[in-house]
Every structure is written in C-alpha cells, then in structure tokens.
Amino acid sequence: MTNTPKTFIIAEAGVNHNGSIELARKLVDAAVVAKADAVKFQSFVASSIVTTSAKKADYQIAQTGSQETQLEMLQRLELSHAQQRELFEYCKTSGIEFLSTPFDSESLKFLVSNLKLSTIKIGSGELTNAPFLLEVARCADKIILSTGMSTIDEIELALGVVAFGMTTDKNSEASIAACKQALSSDAGRDTLKKRVTLLHCTTDYPTSPRDINLRAMVTLREKFDCQVGLSDHSVGTHIAVGAVAMGATVIEKHLTTSRDLSGPDHKASLEPDEFKRLVANIRDIEIAFGSAEKSATVNEQKNQQVARRSIVACKPIKTGDTFTIENIVVKRPGTGQSPFKYWDLLGTKSTRDIAENELI
C-alpha cells in the first residue's frame with residue numbers, strides 16, 4: 001500500500017460556543033473524541049470588523065432573529081485573549097491542535113506573537129481584503145485560505161498578495177502589479193505550493209449539494225498547483241468524504257454540541273457522534289486508496305479456487321478421445337486448468353480416461 005497523505009481534519013468550532021468558555025471546552029472535548037486533527041475557533045474584535053449599520057446575513061437572521069445588528073451579535077460571540085489562551089492551553093493538554101481564524105490585525109498579532117500559531121486560517125470573507133492578506137502572509141508560516149463567494153480571478157489576485165508577502169521584504173511596497181509579478185515568479189509559485197492550501201467553499205449555511213461543485217476544487221489544484229481541500233457547509237458527512245476521494249488534503253467542517261442551540265452556524269454543523277463518524281469514514285477512504293497496482297489481495301487469493309472455473313469433462317472421456325465442445329465445459333472450482341486454455345485444448349486428444357465432471 002502506498003503512503004497516502006493523511007487528510008488534515010479541522011473541527012470548526014467557530015462561534016458555536018455562543019460566548020461560553022464552558023461550551024467551547026466541550027467542543028474541544030468532542031473534537032478530541034472524534035479524533036479530529038485540529039479544532040478551530042474565530043478571533044475578532046467585533047468593533048474592528050463591522051460597522052454599527054452592518055446587517056446580518058439571511059441565514060443568520062433565520063437562526064438568531066432580526067432584533068440585533070451584526071455588530072451586537074458578534075459582540076456576544078467574542079472570545080477575549082484570556083479565553084483564547086485558556087482554550088489554547090486546554091487543546092495542548094487534550095492532545096489536539098488549536099487553530100483560529102483572525103479577522104483583524106490585533107487578533108492576528110495575538111495568535112502569531114502570543115500563541116505562536118504557525119498556521120493561520122483565512123475565512124472566505126477576507127479573500128479580497130488585500131491589506132489583511134498581506135499582513136497574514138508576512139507573519140504566518142502556513143496559510144489555509146477559504147475561497148467561498150469568489151471567482152478564479154479573485155483567487156489569483158489573493159494568491160498574488162500572499163506570494164508577494166511571503167517572498168519579499170516587509171519594507172517592500174505592495175501594488176497589484178508587484179503582486180502579480182510575485183505570483184508568476186518561480187519563487188512565488190514554489191512558496192505557494194509549499195505553504196498555502198486553498199479550500200473550495202460555498203458560503204451558504206447550509207449548502208445544497210447542487211451548489212457545492214466539487215470539481216471546482218480540482219480546478220483550483222490544477223490552476224494554482226497548491227494543496228486543496230474543502231470547507232464544507234452541507235448537511236451530513238458524505239460530501240466531505242467525496243471531496244477526500246477527489247483529492248482534498250484538508251477538510252473543515254462545523255462542529256456543535258447540538259443543532260438545536262441558538263446561533264448562526266449550528267444548523268450547518270455536525271453533532272459529536274456525526275463528526276466522529278465523518279473522521280472514521282475519511283480514514284477508511286484513505287486506507288481504501290491503497291496503491292495503483294491491480295492485483296489479487298491475500299483474501300481474494302483464498303477465494304479464487306471457489307469463485308473461478310476450470311475445464312471439466314461434461315461426459316465420460318476415454319484415452320485417445322478428441323476434446324470437443326460436446327465433451328468439455330467450464331465449471332467451478334478453479335483448481336484445474338484455466339478456461340483461457342479452452343480453445344487450445346479443443347482438437348487435442350486425451351491421454352487418460354476422464355469421468356464426467358472430472359477436471360481436465
């Protein structure tokens with residue numbers, strides 16, 4: 001069996017903690033039991049990323065009502081630096097990687113400088129936030145970038161910014177032209193291949209299967225020569241498993257303790273037992289990849305004699321009789337001559353007496 005790379009599975013706790021550190025710890029526990037590779041939260045200062053007049057998305061209104069603004073909703077869901085550090089330490093003792101998606105400079109600096117995170121996940125909404133992308137590229141060792149709501153051209157621009165940030169001095173002056181040049185350079189391409197993973201994503205909660213378009217994930221890999229994966233907002237586990245079969249190296253899926261909880265993302269999340277099943281199914285798929293070689297397994301070899309056929313006499317044959325289509329057939333078991341020799345045998349003479357149903 002070949003050494004198929006292990007899919008990196010992220011349990012997206014996000015804001016499903018509803019502002020409660022106790023619930024956040026339960027999400028970590030559930031991710032550990034499910035054997036996810038990482039559990040990811042969101043780091044933001046609500047007032048830094050949303051205006052007082054910003055509306056909530058339709059799906060957010062459906063899940064949390066229309067009484068509050070987006071700012072008020074996010075303020076309820078903020079995790080303080082102290083709470084994030086507590087979760088970071090809890091993950092460390094629990095044996096699971098802590099990740100978080102920053103949405104502002106202060107949060108990014110805290111994750112990189114204070115918590116020393118080497119991998120930064122960027123949400124789909126920030127794909128066009130060029131100044132922020134540049135900040136991330138200049139301080140993160142690796143980037144996982146979601147691509148929901150975007151076009152190929154927008155992704156190309158975003159990767160240009162990332163390539164520029166990763167391959168130039170921090171004092172280098174950024175411009176679209178400079179970013180495009182960085183993306184087209186050998187150094188830029190090589191850096192992206194080693195340090196960036198693109199997640200195909202449909203920013204809709206939950207996402208209908210007809211809107212997922214997994215083939216776009218393959219397009220991203222072929223066009224940009226990066227690792228690719230799926231940030232999955234569909235209902236159930238089957239879409240994510242299908243993505244792994246199509247080459248996803250990272251799977252991100254929301255985790256909740258209960259879809260009945262009030263909050264913007266719970267309805268598009270998996271509950272603990274479902275997430276555990278998702279991880280198990282992905283690991284089965286990885287094992288099932290096997291190798292490119294086509295051969296009979298050890299267990300198949302045991303069944304060959306039972307399932308395959310041999311050349312058999314269908315009537316008594318005497319020494320010197322000619323083998324014809326009237327006196328030989330093909331029947332189980334497969335312990336005699338292979339039916340591939342059937343035509344070569346026709347017209348030749350038997351060297352012994354053969355009983356009916358006896359192997360030739």
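Note that the structure is predicted; figures quoted are calculated from it, not measured. (Residues numbered from 1 in each chain as written. Predicted model: local features only at pLDDT ≥ 70, side-chain atom pairs only at ≥ 80, totals over all residues. Heavy atoms only, no water.)

Caption draft 1: Structural view of the overall build of the chain. Across its full length, the chain carries 15 helices and ten strands. By the compact-globule yardstick of 21 Å for 360 residues, the chain is too spread out, its C-alpha radius of gyration being 29 Å. Along the three orthogonal principal directions, the C-alpha set of the chain runs to about 100 × 50 × 40 Å. Residue burial in the chain is summarised as follows: out of 360 residues, 46% are buried. Of the contacts made within the chain by residues no fewer than 6 positions apart, 66% connect residues no fewer than 24 positions apart. Averaging the coordinates of the 42 positive side-chain charges in the chain and doing the same for the 44 negative ones gives two points 6 Å apart. (Helix = DSSP H or I, 4+ residues; strand = E, 2+ residues; numbered from the N terminus. Rg over C-alpha atoms; globule rule 2.2 N^0.38 Å. Buried < 20%, exposed > 50% of the residue type's maximum accessible area, 1.4 Å probe, protein only. Contact = heavy atoms within 4.5 Å. Lys, Arg positive; Asp, Glu negative; His and termini not counted. Charge placed at Lys NZ, Arg CZ, Asp CG, Glu CD.)

Caption draft 2: Seen up close, empty space enclosed by the protein. Here the structure, examined in full by the defined rule, presents one cavity of 30 Å³ or more. Its boundaries defined by the atoms lining it, the largest cavity holds a volume of some 40 Å³. Along its surface, the largest cavity is lined by His200, Cys201, Thr202, Thr207, Ile212, Leu230, Ser231, Asp232, His233 and Ser234. Secondary-structure elements contributing two or more residues to the lining of the largest cavity are strand 6 (196–201) and strand 7 (227–232). Top element by residues in the lining of the largest cavity is strand 7. It accounts for three residues. By residue class, the composition of the lining of the largest cavity is three nonpolar, six polar and one charged. (1 Å grid on protein atoms, 1.4 Å probe; cavity = no way out; pocket = protein on both sides within 12 Å on 5 of 7 lines; lining within 4 Å. Points joined across faces, edges and corners; volume = space filled by probe spheres on them. Nonpolar A, V, L, I, M, F, W, Y, C, P; charged D, E, K, R; others polar.)

Caption draft 3: Focus on helix 1 (residues 21–34). When the terminal C-alpha atoms of helix 1 are compared, their 20 Å separation across 14 residues agrees well with the 20 Å that a helix rising 1.5 Å per residue should span. For helix 1, the secondary structure elements touched by its buried residues are strand 1 (8–14), strand 2 (38–43), helix 5 (81–94) and helix 13 (272–289). Remark: lysine 35 follows helix 1 within two positions and exhibits a positive phi of approximately 70°. (Expected span 1.5 Å × (residues − 1).)

Caption draft 4: Structural view of the sheet that holds strand 3 (residues 97–102). With respect to topology, eight strands assemble into an open sheet ordered 3-2-1-8-7-6-5-4, the strand pairing being parallel. Taken across any chain shown, the strands that pair with only one partner, and hence form the sheet edges, are strand 3 and strand 4 (119–122). Geometrically, the sheet is characterised by an average inter-axis angle of 25° between neighbouring strands, direction not taken into account. Across four bridges, the pairing between strand 1 and strand 2 is parallel. Bridge pairing links glycine 14 to phenylalanine 41 in strand 2. Against the sheet, helix 6 (residues 105–114) engages strand 2, strand 3 and strand 4, with an angle of about 160° to strand 3. (Pairing = 2+ DSSP bridges. Axes fitted to C-alpha atoms, helices over the stretch in contact; angles between N-to-C directions.)

Caption draft 5: Focus on the packing of aromatic side chains. Within the structure shown, the criterion is met by five aromatic pairs. When the ring of phenylalanine 44 is compared with that of phenylalanine 103, the centres are 6.1 Å apart and the planes differ by 80°; the resulting orientation is edge-to-face. Here phenylalanine 103 lies in the loop between strand 3 and helix 6 and phenylalanine 44 lies in the loop between strand 2 and helix 2 (46–49), a separation of 59 residues in the sequence. On the accessibility criterion, phenylalanine 44 (4% relative accessible area) is buried. Between phenylalanine 88 and phenylalanine 98 the ring centres are 5.8 Å apart and the planes differ by 85°, which places this aromatic pair in the edge-to-face class. (Phe/Tyr/Trp six-rings, centres within 6.5 Å; stacked < 30°, edge-to-face > 60°.)

Caption draft 6: Quick peek at the nonpolar core. Ranked by size, the top nonpolar core spans 73 residues in total, and within it Ile143 and Phe275 carry the most contacts. Among the elements that line this core, the one with the most residues is helix 8 (residues 152–167), at eight residues. What isoleucine 143 contacts, discounting residues up to four positions off in sequence, is Ile120, Ile122, Val136, Ala137, Val162, Met166, Arg195, Val196 and Thr197. (Core = buried A, V, L, I, M, F, W, Y, C linked by side-chain atoms within 4.5 Å.)

Caption draft 7: Broad picture of the layout of surface pockets. Looking at the largest pocket, its volume works out to about 720 Å³. Lining the largest pocket are 32 residues, and of these Gln42, Tyr59, Phe103, Gly125 and Tyr205 sit closest to its centre. Of all the secondary structure elements, the ones that give two or more residues to the lining of the largest pocket are strand 2, helix 3 (58–64), helix 4 (70–77) and strand 8 (250–254). At four residues, the largest contribution of residues to the lining of the largest pocket is made by helix 4. Of the residues belonging to the lining of the largest pocket, the class tally is 14 nonpolar, twelve polar and six charged. Here the second largest pocket defines a volume of roughly 340 Å³. As for the second largest pocket, its lining consists of 18 residues, of which Phe8, Lys142, Ile144, Thr197 and Val250 are closest to the centre. Broken down by secondary-structure element, the contributors of at least two residues to the lining of the second largest pocket are strand 3, strand 5 (142–146), helix 10 (186–195) and strand 6. No other element matches helix 10, which puts four residues into the lining of the second largest pocket. Grouping the constituent residues of the lining of the second largest pocket by class yields eight nonpolar, four polar and six charged.

Caption draft 8: Representation of the side chain of glutamine 42. Residue placement: glutamine 42 occurs in strand 2. Leave out the neighbours within four places in its chain, and glutamine 42 touches Glu12, Gly14, Val15, Ser100, Thr101 and Phe103.

Caption draft 9: Up close: helix 12 (residues 238–245). Buried within helix 12 we find Ile239, Ala240, Val241, Ala243 and Val244. Packing partners of the buried residues in helix 12 comprise helix 11 (215–224), strand 7, strand 8 and helix 13. Positive backbone phi, at 110°, marks glycine 247, one or two positions downstream of helix 12.

Caption draft 10: Quick peek at the pattern of salt bridges. Scanning the entire structure with this criterion turns up 14 salt bridges. Ionic pairing is found between glutamate 68 and arginine 76, a salt bridge with its closest N-O pair at 2.8 Å. The salt bridge partner of aspartate 225 is lysine 193, with a shortest N-O separation of 3.5 Å. Residue aspartate 225 is found in the loop between helix 11 and strand 7, and its partner lysine 193 is found in helix 10; the two are separated by 32 residues along the sequence. (Salt bridge = Lys/Arg side-chain N within 4 Å of Asp/Glu carboxyl O.)

Distances and angles like these do not, on their own, reveal function.
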